Amino acid sequence: MENPFVTYHYAGPAYFCDREAELSKLIEAFDNQRYLLLHSMRRIGKSGLIHHFHHTLKKRKNVVTIYCDIHNTRSDEEFIAKLIMSAVTSVEKSKKGIVSRVGNFFT
Ligand SMILES: Nc1ncnc2c1ncn2[C@@H]1O[C@H](COP(=O)(O)OP(=O)(O)OP(=O)(O)O)[C@@H](O)[C@H]1O
Ligand SMILES: [Mg+2]
């Protein structure tokens, strides 16, 4: 039998509980072009919420989301490499007209 409990990654909305108020706040900030800092104690659900937020935004035609975890970067060079790789991977994955052409350019 497959393990029904997901414990280490975001597995889509079917496995994501609640956080509706927090999600609305993220969407509201995004729609109004406001930066947002999310902080809490460890393992409370920050990363999961960001993945869920991105999943929600992906339904919009003109939006490409980029997830970049810089936790393990140890220098400016590593940070920049990771940021670029995250951006290129996200843009390549999306098939959204002009944006995918930008991805081709970066590749
Ligand atoms: N709303 C949710 N519904 C179901 N599972 C969740 C939810 N939020 C978090 N989880 C799960 O709980 C665990 C911890 O969540 P997450 O990694 O998002 O926390 P975090 O705050 O980013 O942790 P850290 O401080 O270590 O970065 C993960 O396995 C994640 O899949
Ligand atoms: Mg996290």
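Asks: Help me out: how do you make sense of the packing of aromatic side chains in this one?
Replies: Here the distance between the centres and the angle between the planes together describe a pair of aromatic rings. For the structure shown, the criterion picks out two aromatic pairs. Each ring, one from Phe30 and one from Phe53, has its centre 6.2 Å from the other, and the planes form 80°; the classification is edge-to-face. Taken together, the residues Phe30 in helix 1 (residues 20-31) and Phe53 in helix 2 (residues 46-57) connect sequence positions 23 residues apart. Owing to a relative accessible area of 35%, Phe30 belongs among the partly exposed residues under this scheme.

Asks: Explain the site of ligand 1 to me, please; I cannot follow it from the model alone.
Replies: The full set close to ligand 1 counts 14 residues, and Thr7, Arg42, Lys46, Ser47 and Gly48 are the nearest of them. In this structure, a nitrogen atom belonging to ligand 1 sits 2.9 Å away from a main-chain N or O atom of Cys17. Between an oxygen atom of ligand 1 and a main-chain N or O atom of Ser47, the distance comes to 2.9 Å.

Asks: Explain unusual backbone geometry here, please?
Replies: Keep in mind that most residues, glycine aside, have a negative phi and that most peptide bonds are trans. Residues other than glycine seldom take positive phi values, yet Arg19 does so here, at roughly 60°. By relative accessible area, which is 28% here, Arg19 ends up partly exposed. Positive phi, close to 60°, is recorded for Arg43, a residue that is not glycine. Residue placement: Arg43 occurs in the loop between helix 1 and helix 2. According to the relative accessible area criterion, Arg43 is exposed, its value standing at 71%.

Asks: I would appreciate a short explanation of the packing of helix 1 against helix 2 in the present structure.
Replies: When two helices pack together, their arrangement is given by the angle between their axes and by how far apart the axes lie. Relative orientation of the contacting elements helix 1 and helix 2 amounts to 55°, with a least axis distance of 10 Å. With respect to their mutual orientation, helix 1 and helix 2 come out oblique. You can see that helix 1 and helix 2 cross each other, and the crossing is right-handed. Here helix 1 contributes Glu22, Leu23, Leu26, Ile27 and Phe30 to the contact with helix 2, which in turn contributes Leu49, His52, Phe53, Thr56 and Leu57.

Asks: Any chance you could explain the pattern of salt bridges here in plain terms?
Replies: Opposite charge on two side chains makes pairing possible when the charged atoms of those side chains draw close. Enumeration according to the criterion identifies three salt bridges in this entry. Glu22 serves as the salt-bridge partner of Arg19, at 3.2 Å between the closest nitrogen and oxygen. We classify Glu22 as partly exposed; its relative accessible area is 32%. Note that Arg60 is salt-bridged to Asp31, the shortest N-O span being 2.7 Å.

What counts and what doesn't
- Residues numbered from 1 in each chain as written.
- Chains lettered and ligands numbered in written order.
- Predicted model: local features only at pLDDT ≥ 70, side-chain atom pairs only at ≥ 80, totals over all residues.
- Heavy atoms only, no water.
- Phe/Tyr/Trp six-rings, centres within 6.5 Å; stacked < 30°, edge-to-face > 60°.
- Helix = DSSP H or I, 4+ residues; strand = E, 2+ residues; numbered from the N terminus.
- Buried < 20%, exposed > 50% of the residue type's maximum accessible area, 1.4 Å probe, protein only.
- Near = heavy atom within 4 Å.
- Polar contact = N/O pair within 3.5 Å; in protein donor to acceptor, adjacent residues only side chain to side chain.
- Axes fitted to C-alpha atoms, helices over the stretch in contact; angles between N-to-C directions.
- Parallel < 35°, antiparallel > 145°, perpendicular 65-115°, else oblique.
- Left-handed = near helix turned anticlockwise from the far one by under 90°.
- Contact = heavy atoms within 4.5 Å.
- Salt bridge = Lys/Arg side-chain N within 4 Å of Asp/Glu carboxyl O.

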